[in-house]
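# Coordinates in review
Residues per chain, in single letters:
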Amino acid sequence: MPFIFKIIPNQEIQTIIPLVEKLNNYAVSSDVLKKRFLEMVTQNYECAGVYDREKLIGICGLWFCTRHYAGKSMEVDHVYIDENYRGKGLGKDFFKWIYSYAKDKGCEAAELNTYVTNYGSHKFYYNDDFKILGYHFLKKL
């Protein structure tokens, strides 16, 4: 049976919390994540999911905006595929679906940030023709 790619409805956004926790090595509590995602779905954010039948095995956050240098843009966020499904081309298929979805919404570009120590993602994104344009900085207030 093929995998199913679809946008997770806002009312089901909390189903992604276990995968986001794994992605971030449980650095942020599930209570904080639940609160943040409930707020995010009100701010041009959507989340795509990969399903093996009914089981959610992958996620990718999608932020939509218009940028002066790129036009209407989709920013990819918190991409995660369950460890048991990696290395089989699923990521490529998922991103192909994501790009098609973004184009259907009128996007001209895709952007993303990735952690400097996530070497596997760097290789994946380089192979998918992403270019490094700058550095991402964060300051907690």
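This text goes with the structure placed above it.
Anyway, here's the lowdown on the structure attached to this text. In this text the structure is predicted, and so the values were computed from the model without any measurement.

Reading the values: rules and limits
Residues numbered from 1 in each chain as written. Predicted model: local features only at pLDDT ≥ 70, side-chain atom pairs only at ≥ 80, totals over all residues. Heavy atoms only, no water. Pairing = 2+ DSSP bridges. Helix = DSSP H or I, 4+ residues; strand = E, 2+ residues; numbered from the N terminus. Axes fitted to C-alpha atoms, helices over the stretch in contact; angles between N-to-C directions. Buried < 20%, exposed > 50% of the residue type's maximum accessible area, 1.4 Å probe, protein only.

Ordered by their spatial adjacency, five strands build an open sheet running β1-β2-β3-β4-β5, and the pairing between neighbours is mixed. Lying at the two open borders of the sheet, with one neighbouring strand each, are β1 (4-7) and β5 (109-112). Sheet twist, expressed as the mean angle between neighbouring strand axes with direction ignored, is 30 degrees. Judged from the eight bridges that link them, strand β2 (residues 45-52) and strand β3 (residues 55-67) form a sheet pairing that is antiparallel.

Moving on: the pairing of strand β4 (residues 71-81). In terms of burial, β4 is largely enclosed, as eight of its 11 residues are buried. Pairing of β3 with β4, which is carried by nine bridges, proceeds in the antiparallel orientation. Each bridged residue has a counterpart across the sheet, and for Ile59 the counterpart in β4 is Tyr80. The hairpin turn running from β3 into β4, its antiparallel successor, is three residues long.

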